[in-house]
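A structural walkthrough
As a plain string of letters, each chain reads:
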Amino acid sequence: MAISDRVLRYLESRKNLTGSAAGLAGLALTFTGLAGAYWPVVVAGLYGAGALIAPPERPPAPDFPDPAEELDELRENFATLRTYLAEVDLPPAAAGRLTELDGVLEALLDPSWVADVLAKDPEAVHALSRAVRQDVPEAVDAFVRTRWWSRVAPGSEPPERHLERQLTALHREMTAIAGALRDAEERRQEAHTIVTEERQDRL
């Protein structure tokens, strides 16, 4: 099956098509009598030359998901995360940190206008995706598991303290992303102001 696929790909390749066209030219020379008794050599040589000068095959570019589609999927993941978090009993301090983080995540995933800016920054999309799909659920799940063990064998550092520190760090990271996006929009606005003023000055 793999051999037949390779043969089929070669038959459809630029090298074969170019070589075949050159070979047809060799046959035309044969019919006109210019190739003489060596016409098989002429036809084969022209086919080989055509195959050699043909441009190489260009593999198709990878079809990565559109940033807007990725953000749509991320919004669905965020809704799933919220459903999970609503079922977890958190201490007041950690719940407050989580509420603050939830507000920033919700704003960053707002489809009205922020997402258009966010889609232009793949690193920010990656960080946001990591927070929603990995960091927050892992932090909360680790807290739930460790809290149970701390009740059985108390004496270690309270697990809620680690959860608060993790959520605080995530909140700082997401706030920094929001600030960077805001700064990028301000620079874009300032650049547009300069362009429009310079255009007006030229009139």
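Located above this text is the structure these notes cover.
These remarks concern the structure in this document. (Residues numbered from 1 in each chain as written. Predicted model: local features only at pLDDT ≥ 70, side-chain atom pairs only at ≥ 80, totals over all residues. Heavy atoms only, no water.)

Notes on the overall build of the chain
The secondary structure content of the chain amounts to eight helices and zero strands. Taken from N to C terminus, the helices and strands of the chain fall in the order α-α-α-α-α-α-α-α. Taken over 203 residues, the chain has a buried fraction of 26%. Pairs at least 24 residues apart make up 73% of the contacts formed inside the chain by residues separated by at least 6 positions. (Helix = DSSP H or I, 4+ residues; strand = E, 2+ residues; numbered from the N terminus. Buried < 20%, exposed > 50% of the residue type's maximum accessible area, 1.4 Å probe, protein only. Contact = heavy atoms within 4.5 Å.)

As for the nonpolar core
With 32 residues, the main nonpolar core has Leu128, Val136, Leu163 and Met174 as its most contacted residues. Residue assignment for this core shows that the elements contributing at least two residues are helix 4 (67-86), helix 5 (92-108), helix 6 (114-118), helix 7 (122-152) and helix 8 (159-201). For this core, the element with the most residues is helix 7, which contributes 10 residues. (Core = buried A, V, L, I, M, F, W, Y, C linked by side-chain atoms within 4.5 Å.)

Section: the side chain of serine 129
With respect to the helices, strands and loops of the structure, serine 129 is situated in helix 7. Since its relative accessible area comes to 10%, serine 129 is described here as buried. Ignoring sequence-local partners within four residues, the contact set of serine 129 consists of Leu74 and Gln134.

Section: empty space enclosed by the protein
Following the criterion strictly, the structure yields one cavity of 30 Å³ or more and no others. Put simply, the largest cavity is a space of about 30 Å³. What lines the largest cavity is simply Phe78, Leu81, Arg82, Leu85, Leu98, Asp102, Leu105 and Val136. Elements that contribute at least two residues to the lining of the largest cavity include exactly helix 4 and helix 5. Here the lining of the largest cavity takes four residues from helix 4, the largest share from any one element. Of the residues that constitute the lining of the largest cavity, the class distribution is six nonpolar, no polar and two charged. (1 Å grid on protein atoms, 1.4 Å probe; cavity = no way out; pocket = protein on both sides within 12 Å on 5 of 7 lines; lining within 4 Å. Points joined across faces, edges and corners; volume = space filled by probe spheres on them. Nonpolar A, V, L, I, M, F, W, Y, C, P; charged D, E, K, R; others polar.)

Considerations on helix 8
Here helix 8 contains 43 residues, and its C-alpha end-to-end distance of 63 Å stays within 8% of the 63 Å for a straight helix at 1.5 Å per residue. For helix 8, the full list of buried residues reads Pro159, Leu163, Leu167, Thr168, Leu170, Met174, Ile177, Gly179 and Leu181. (Expected span 1.5 Å × (residues − 1).)

What to know about the pattern of salt bridges
Within the structure shown, the criterion is met by nine salt bridges. For aspartate 141, the salt bridge is made with arginine 145, and the minimal N-O distance between the two is 2.8 Å. One end of the pair, aspartate 141, and the other, arginine 145, are both in helix 7, four residues apart, so they sit about a helical turn from each other. Residue class for aspartate 141 comes out partly exposed when judged on its relative accessible area of 30%. Arginine 145 gets classed as exposed once you look at its relative accessible area, which sits at 55%. One connected set of salt bridges, linked through shared partners, spans Arg82, Asp102 and Glu106. (Salt bridge = Lys/Arg side-chain N within 4 Å of Asp/Glu carboxyl O.)

Focus on the packing of helix 5 against helix 8
Each pair of packed helices can be summarised by the angle the axes make with each other and by the distance between the axes. Closest axis-to-axis distance for the helix 5/helix 8 pair is 9 Å, and the angle between their directions is 25 degrees. The angle between helix 5 and helix 8 places the two elements in the roughly parallel class. Considering only the axes of helix 5 and helix 8, their crossing is left-handed. Contacts from Ala93, Ala94, Arg97, Leu98, Glu100, Leu101, Val104, Leu105 and Leu108 in helix 5 reach Leu163, Glu164, Leu167, Thr168, Leu170, His171, Met174, Thr175, Ile177, Ala178 and Leu181 in helix 8. For the contact of helix 5 with helix 8, a count of residues per class yields 14 nonpolar, three polar and three charged. (Axes fitted to C-alpha atoms, helices over the stretch in contact; angles between N-to-C directions. Parallel < 35°, antiparallel > 145°, perpendicular 65-115°, else oblique. Left-handed = near helix turned anticlockwise from the far one by under 90°.)

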